[in-house]
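Fold and contact review
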Amino acid sequence: MIELPPGDFAALIFDCDGTLADSMPLYHRAWRAALAANGATFDFTWDIFMSRAGVSTEGTVTALNEEFGTTLDAELIREHQYSEYKLLVDEVKPFPEVVAIAQSHFGKLPMAVASGGERHLVERTLELIGAHNLFDAVVVAADVPRGKPHPDIFLHAAKLLGVEPQSCLVFEDGQPGIVAAEAAGMKTVFVERKSPYL
C-alpha cells in the first residue's frame with residue numbers, strides 16, 4: 001500500500017520506469033547486453049543498476065567508467081541498449097497501485113511524467129500500460145540541461161504544469177530521482193521495488 005504524505009498538492013509528477021511501469025527488469029537485461037557487447041569487464045548487478053535508476057545513459061556510463069576504471073563509449077552503449085530495449089518493451093506491464101493513483105487524480109490535478117529515459121521509449125511504455133492519456137506533460141532527460149540527481153527535470157515539469165515546485169508531489173523508485181525532487185523543493189513518495197531475481 002502506497003501512503004501519500006499529508007497536505008494539499010497542486011500537481012503530481014511520476015517517474016515512468018520502475019514507478020508507473022514494471023520495466024526495470026527489462027532495462028536491466030538491455031543494459032547487461034549492451035555493456036557485455038561493448039567491452040565491460042564488470043558484473044552489472046541489479047543493485048548497481050538500481051543505484052543509477054533515473055540517471056541518463058551518459059551519466060551512468062560516466063559513473064561506471066569512474067568506478068571500474070573502464071573507458072566505455074556512452075554513445076555506443078546508448079545505441080545498443082536502446083535497440084535491445086526496443087525488442088523487449090512490448091513485455092512491459094504497469095504497476096497497478098501507482099497507475100491507480102494517477103487514474104484517481106485524473107481531471108482533478110495536473111500531472112506529469114518526468115523520466116530519465118528516451119522520449120520514444122517513455123511514450124511507448126506509457127501507451128503499453130494504458131496511462132498515456134492521464135498526463136498533461138511528459139518530460140525526458142533530453143528536455144533539460146542536467147538529468148537526475150539534479151532538479152532540472154522536475155522544475156521543468158512543474159513549469160509546464162503551471163504550478164510552484166513546492167506544491168508538487170513526486171513518485172519515484174530511484175534514489176537519484178528522490179534527491180532530484182527534494183532538490184527541487186518537492187515532497188516525495190518512494191516507491192520501493194524488490195529485486196526480480198530473489
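In this text, all values refer to a predicted model and were calculated from it rather than measured experimentally.

Take the overall build of the protein chain next. The helix and strand tally for the protein chain stands at 8 helices and 5 strands. For the protein chain, the sequential pattern of α-helices and β-strands runs β-α-α-α-α-α-β-α-β-α-β-α-β. In terms of principal-axis extent, the alpha carbons of the protein chain reach across some 50 × 30 × 30 Å. Residue burial in the protein chain is summarised as follows: out of 198 residues, 52% are buried. Once local pairs closer than 6 in sequence are excluded, the contacts in the protein chain between residues at least 24 apart make up 68%. Within the structure as shown, the protein chain displays about 9200 Å² of accessible surface, and the carbon and sulfur contribution to it stands at 52%. Distance between charge centres in the protein chain, computed from 15 positive and 28 negative side chains, equals 2 Å.

A word on the packing of helix α4 (residues 74-88) against helix α6 (residues 119-128). Following both chains from N to C, one finds α4 and α6 inclined at 15 degrees, their axes separated by 11 Å at the closest point. The orientation of α4 with respect to α6, classified from their angle, is roughly parallel. At the point where α4 passes α6, the crossing takes the left-handed sense. Mapping the contact onto sequence places Tyr-82, Tyr-85 and Lys-86 in α4 and His-120, Leu-121 and Thr-125 in α6.

Here we take up the pairing of strand β3 (residues 137-140). The alternating pattern of β3 places Ala-137 and Val-139 on one face and Val-138 and Val-140 on the opposite face, and all of these are buried. When strand β2 (residues 111-115) meets β3, the two strands line up parallel, connected through 4 bridges. The partner of Ser-115 across the bridge, within β3, is Val-140. The handedness of the β2 to β3 crossover, carried by α6, is right-handed.

Before going further, it helps to examine the sheet that holds β2. Taken together, 5 strands build an open sheet; the order of strands is β3-β2-β1-β4-β5 and the sheet is parallel. In this open sheet, the two strands that pair with only one neighbour each are β3 and β5 (187-190). On average, each strand axis in the sheet is inclined to that of its neighbour by 20 degrees, with strand direction left out of account. As paired elements, strand β4 (residues 168-172) and β5 share 4 bridges and run parallel to each other. Bridged to Leu-169 within β5 is Lys-187. This element, helix α5 (residues 96-105), spans β1 (11-14), β2 and β4 of the sheet and lies at about 150 degrees to β1. Strands β4 and β5 of the sheet are contacted by helix α8 (residues 175-183), whose axis makes an angle of about 165 degrees with β5.

In a regular helix each residue adds 1.5 Å, so 12 residues correspond to 16 Å; helix α3 (residues 57-68) covers 16 Å between its end C-alpha atoms and thus fits that length. Of the positions making up α3, those classed as buried are Thr-57, Thr-60, Val-61, Ala-63, Leu-64 and Asn-65. Looking one or two places after α3, you find Gly-69, whose phi comes out positive at around 70 degrees.

Moving on, we come to the layout of surface pockets. The volume enclosed by the largest pocket comes to roughly 460 Å³. Along the walls of the largest pocket sit 28 residues, with Val-55, Ser-56, Thr-57, Gly-116 and Gly-117 positioned nearest its centre. The class makeup of the residues in the lining of the largest pocket is 12 nonpolar, 8 polar and 8 charged.

Once that is clear, we can look at the nonpolar core. Formed by 51 residues in total, the largest nonpolar core has its most connected members in Phe-14, Leu-20, Leu-35, Leu-126, Phe-135 and Phe-171. At 7 residues, the largest contribution of residues to this core is made by helix α1 (residues 24-37). In this structure, Leu-20 is in contact with Phe-14, Asp-15, Pro-94, Phe-95, Val-98, Val-99, Val-113, Leu-126, Ile-129 and Phe-135, ignoring residues within four places of it in sequence.

Here we take up the pattern of salt bridges. For the structure shown, the criterion picks out 13 salt bridges. Across the pair Arg-32 and Asp-43 runs a salt bridge, and its minimum N-O distance is 2.8 Å. Residue Arg-32 is located in helix α1, and its partner Asp-43 is located in the loop between α1 and α2 (46-51); the two are separated by 11 residues in the primary sequence. Salt-bridge contacts for Arg-146 lead to Asp-152; the nearest nitrogen and oxygen are separated by 3.0 Å. Classification of Arg-146 by relative accessible area gives partly exposed; the value is 40%. Put simply, Glu-58, Glu-75, Arg-78 and Glu-118 are held in one network by salt bridges that share partners.

Rules behind the numbers
Residues numbered from 1 in each chain as written. Predicted model: local features only at pLDDT ≥ 70, side-chain atom pairs only at ≥ 80, totals over all residues. Heavy atoms only, no water. Helix = DSSP H or I, 4+ residues; strand = E, 2+ residues; numbered from the N terminus. Buried < 20%, exposed > 50% of the residue type's maximum accessible area, 1.4 Å probe, protein only. Contact = heavy atoms within 4.5 Å. Areas by Shrake-Rupley, 256 points an atom, 1.4 Å probe, with all protein chains shown as cover. Lys, Arg positive; Asp, Glu negative; His and termini not counted. Charge placed at Lys NZ, Arg CZ, Asp CG, Glu CD. Axes fitted to C-alpha atoms, helices over the stretch in contact; angles between N-to-C directions. Parallel < 35°, antiparallel > 145°, perpendicular 65-115°, else oblique. Left-handed = near helix turned anticlockwise from the far one by under 90°. Pairing = 2+ DSSP bridges. Right-handed = clockwise from strand over helix to strand, strands pointing away. Expected span 1.5 Å × (residues − 1). 1 Å grid on protein atoms, 1.4 Å probe; cavity = no way out; pocket = protein on both sides within 12 Å on 5 of 7 lines; lining within 4 Å. Points joined across faces, edges and corners; volume = space filled by probe spheres on them. Nonpolar A, V, L, I, M, F, W, Y, C, P; charged D, E, K, R; others polar. Core = buried A, V, L, I, M, F, W, Y, C linked by side-chain atoms within 4.5 Å. Salt bridge = Lys/Arg side-chain N within 4 Å of Asp/Glu carboxyl O.

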